[in-house]
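Listed below, chain by chain, are the residues.
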Amino acid sequence: MKLRDKVAVITGGAGGMGKATVLRFLAEGARVVIADFNAESGAATLAEVAAAGFGGAARFIKVDVAKETDVAAMIDCARSEFGQLDIVFNNAGVGGAIGPVWDLEEEEWDYTFDVLVKGVFFGIKHATRLFRRQGHGGVIVNTASVAGISGGCGPLAYSAAKAAVINMTRAAAAQLAPQRIRVNAICPGFILTGLTRSNQVSMEEAGRHLDGLQPWPEHGTGADIAGTCLFLASDDSRFVNGEAIVVDGALTAIGPDVWERFGIPREAVMQRSRMNKGTTGEANTTRPVNS
Ligand SMILES: NC(=O)c1ccc[n+]([C@@H]2O[C@H](COP(=O)([O-])OP(=O)(O)OC[C@H]3O[C@@H](n4cnc5c(N)ncnc54)[C@H](O)[C@@H]3O)[C@@H](O)[C@H]2O)c1
């Protein structure tokens, strides 16, 4: 068990990838504070945790990560309930403002940044205060997004906010490394959760839709993020710091995908091996693909 004797706080822990991480961390021996705005899904998550046999190792606290007093209380909950804090996963999030830039209202922008950026800042700030008092370091993982490293993966305000999370992660890692506090980020691609499912379709249907979005044949799941978070939270990643790990089934690796844009399907590109000799005056060649 990789997290035996560890205590973690997970924001957005009552939904999607946060809940998957709660369940994985509990299975790895951690005690977990589940922090979420949605008290109804919080109660359901606690029931699920109890049914899995981990009831005594989890607590729920209703939190708005955009409110500093809530975040301070959340961090204090780990100390008062379990006596210590070792890991904070700043993961809570929303889609925020969606639409053309000329139509974005100030309060829509502020809501997006309050939850996605200020929430992570508060999480880092208050975790660090306790880590410093405890005196033996700690681990912080922030959920960013592939939208934070490209312009075509999400709404404008969301993309700006997630880019801020990535660089806040780097800056915090640089500041806190001397105190053995590691700070890393995860950049998920499209992961099947309540956030990526439109209300009109079932989870199965939403999953089938997401299957085709990236080169990897199947869509991402909360368990994929939980596994990455476990690596970043455990001592296996002792020397990984200030990193933003992309977990997207090669969605961003494929970049602008020019073949598709030129109308040439990916499969067709795989059916011919060619040598292009450019403008050297030598002939180009084509041969069958060896299996
Ligand atoms: N699902 C994806 O494809 C995807 C991709 C990239 C990044 N992300 C990011 O991953 C994180 C988790 O998203 P998810 O897909 O699991 O979504 P989700 O909606 O399934 O879960 C998010 C949870 O965060 C909680 N939350 C929202 N606002 C909050 C607030 N102000 N305070 C406390 N809790 C709050 C919600 O109640 C919910 O339980 C988010 O930061 C999201 O931006 C998701």
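Remember, it's a predicted structure, so these values are computed and weren't measured experimentally.

A. Main features of the overall build of the protein chain. Each helix and strand in the protein chain was counted, giving nine helices and nine strands. Dimensions of the protein chain, computed from C-alpha atoms along their principal axes, come out at roughly 75 × 40 × 40 Å. Counting across all 291 residues of the protein chain, residues that qualify as buried make up 42%. Sequence separation of 24 or more characterises 68% of the internal contacts of the protein chain that already satisfy a separation of 6 or more.

B. Examining the environment of Trp216 more closely. Position of Trp216 among the secondary structure elements: in the loop between helix H6 (203-211) and helix H7 (222-233). For the pair formed by Trp216 and Leu251, sequence separation is 35 residues and the distance between their alpha carbons is 8.0 Å. Excluding residues that lie within four positions of it along the chain, Trp216 makes contacts with Gly249 and Ala250.

C. View of the environment of Gly278. Inspection of the secondary structure puts Gly278 in the loop between strand E8 (272-275) and strand E9 (285-288). Judged by local crowding, Gly278 falls into the exposed class, with 7 C-beta atoms found within 10 Å. Each C-alpha atom of the pair Gly278 and Gly249 lies 32 Å from the other, and the pair is 29 residues apart in sequence.

D. Layout of the nonpolar core. Counting 73 residues, the largest nonpolar core has Ala8, Val9 and Val32 as the members making the most contacts within it. Element by element, the count of residues in this core is highest for helix H4 (residues 106-134), at seven residues. Setting aside its immediate chain neighbours within four residues, Val32 contacts Ala8, Ile10, Val22, Phe25, Leu26, Ala57 and Ala58.

E. Structural context of the site of the ligand. Taken together, 29 residues sit near the ligand, with Gly12, Gly15, Gly16, Gly93 and Thr193 positioned nearest. If one sorts the elements of the shell around the ligand by residue count, helix H1 (residues 16-27) sits on top with three residues.

F. Examining unusual backbone geometry more closely. A positive phi angle, near 70 degrees, is found at Asp5, a position not held by glycine. You can see Asp5 is positioned in the segment before strand E1 (7-11). In this model, Arg180 sits at a positive phi of 60 degrees, which is unusual for a non-glycine residue. If you trace the backbone, Arg180 turns up in the loop between helix H5 (156-176) and strand E6 (181-188).

G. Structural detail: H4. In this model H4 runs 40 Å from its N-terminal to its C-terminal C-alpha over 29 residues, within 8% of the 42 Å that 1.5 Å per residue would give. If you look at H4, its biggest bend is around 40 degrees, right at Asp114. Close packing links the buried residues of H4 with E1, helix H3 (68-82), strand E4 (87-90), strand E5 (138-143), H5 and E6. Backbone geometry just downstream of H4 places Gly135 in the positive-phi region, at approximately 80 degrees.

H. Spotlight on the sheet that holds E6. The strand order across the open sheet formed by seven strands is E3-E2-E1-E4-E5-E6-E7, and the pairing between neighbours is parallel. The open sheet has two free edges, formed respectively by strand E3 (58-62) and strand E7 (244-247), since each of these has just one partner strand. The sheet shows a mean angle of 20 degrees between the axes of neighbouring strands, direction not considered. Two strands pair when backbone bridges link them, and E5 and E6 are joined in this way by six bridges, in the parallel orientation. Bridging across to E6, Val139 finds its partner in Arg182. The strands that H3 touches are E1, strand E2 (31-36) and E3; relative to E2, the one it contacts most, it runs at about 155 degrees. Running at roughly 165 degrees to E6, H7 makes contact with E1, E4, E5, E6 and E7 of the sheet.

How each quantity is defined
Residues numbered from 1 in each chain as written. Predicted model: local features only at pLDDT ≥ 70, side-chain atom pairs only at ≥ 80, totals over all residues. Helix = DSSP H or I, 4+ residues; strand = E, 2+ residues; numbered from the N terminus. Buried ≥ 20, exposed ≤ 12 C-beta atoms within 10 Å, placed from the backbone. Contact = placed C-beta atoms within 7 Å. Core = buried A, V, L, I, M, F, W, Y, C linked by C-beta atoms within 7 Å. Near = placed C-beta within 6 Å. Expected span 1.5 Å × (residues − 1). Bend = angle between axes of the 7 residues up to and from the residue. Pairing = 2+ DSSP bridges. Axes fitted to C-alpha atoms, helices over the stretch in contact; angles between N-to-C directions.

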